[in-house]
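# Descriptive analysis of the structure
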Amino acid sequence: MIPTKDEAFTILRKHNSDESHIKHARAVEGTMRHFARRFGGDEELWGVVGILHDIDWEKTMSDPARHCNLAPELLRAEGVDEVVIHAVQSHGWGICSDAEPRDDMEKTLFTIDELTGLIITAGLVRPSKSLADLEVKSVKKKWKDKAFAKGVDRDIIQKGADIMGVPLDEVIQETILALRPIESDIGLGSN
Ligand SMILES: [Fe+2]
Ligand SMILES: [Fe+2]
């Protein structure tokens, strides 16, 4: 089955308790929904994939090579459809999984997973602590600053944009637009 949004968050919370991980899921969900509209995809499905993509994160933190590889077991136990399971695995393509992103939904997830982190961090260091006035050019400046959000692998994001067939600047712009309406949910803005 394809879980509803609420069911997906319930499943996620069964295995993850750190609120920062829940917020990451929310950021990726919102971005996936935005790109689903752009690509004419199934917004609910893309959103659920975003929510569940790091389902095994807290259970594999001590052994990162298992990330994406424990997820199928956890999701099958909930009766989640294989379409979601393959998508979840493919976000670790070339890192901890050999499931290659095969369609717009999977390619988008692969690309925006870490990009959301870079954009949120770029928002948090602004005086406004908001994405409302964050522009692509300032994200690009942070992109080039290797010390900024240094856990974010720029090469992975670039590789993702390449397989999506969308210029990097456009992916960044769309991700900023995707995150703006949900910024108060993910620790940004004045709320
Ligand atoms: Fe992940
Ligand atoms: Fe993630």
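Here, every reference points to the structure presented above.
My aim in this report is to walk through the structure given alongside it, one point at a time. Since we're looking at a predicted model, the values are computed, not measured.

Distances from the iron ion (ligand 2) to its protein donors, namely His 24 (NE2), His 53 (NE2), Asp 54 (OD) and Asp 113 (OD), fall within the range 2.1 to 2.2 Å. Given four donor atoms and angles of 84 to 178° at the metal, the environment of the iron ion (ligand 2) is assigned as irregular. Ordering the donors of the iron ion (ligand 2) by residue number gives the pattern H-x28-H-D-x58-D. In this structure the iron ion (ligand 1) is found 3.7 Å away from the iron ion (ligand 2), and Asp 54 serves as a bridging donor for the pair. With His 24 in helix 2 (residues 19-39) and Asp 54 in the loop between helix 3 (43-52) and helix 4 (57-60), this residue pair connects regions lying 30 residues apart in the sequence.

Non-glycine residue Cys 68 carries a positive phi angle of around 80°. Non-glycine residue Lys 129 carries a positive phi angle of around 50°. Here Lys 129 lies in the loop between helix 7 (104-124) and helix 8 (136-144). For Lys 129, a relative accessible area of 44% corresponds to the partly exposed category.

Let us now look at the packing of aromatic side chains. By convention here, two paired aromatic rings are described through the distance between centres and the angle between planes. Per the stated rule, a full pass over the model turns up three aromatic pairs. Centroid distance Phe 35 to Phe 39: 6.5 Å. Interplanar angle 25°. Geometry classified as stacked. Placement of the pair is Phe 35 and Phe 39 together in helix 2, with a separation of four residues, close to one helical turn. Within the aromatic cluster, the residues linked to one another by ring pairs are Phe 35, Phe 39 and Trp 46.

What counts, and at which threshold
- Residues numbered from 1 in each chain as written.
- Chains lettered and ligands numbered in written order.
- Predicted model: local features only at pLDDT ≥ 70, side-chain atom pairs only at ≥ 80, totals over all residues.
- Heavy atoms only, no water.
- Donors = N, O, S within 2.8 Å, 3.2 Å for Na, K, Ca; no water.
- Tetrahedral: all angles 85-135°; square planar, octahedral: opposite > 155°, others 65-115°.
- Helix = DSSP H or I, 4+ residues; strand = E, 2+ residues; numbered from the N terminus.
- Buried < 20%, exposed > 50% of the residue type's maximum accessible area, 1.4 Å probe, protein only.
- Phe/Tyr/Trp six-rings, centres within 6.5 Å; stacked < 30°, edge-to-face > 60°.

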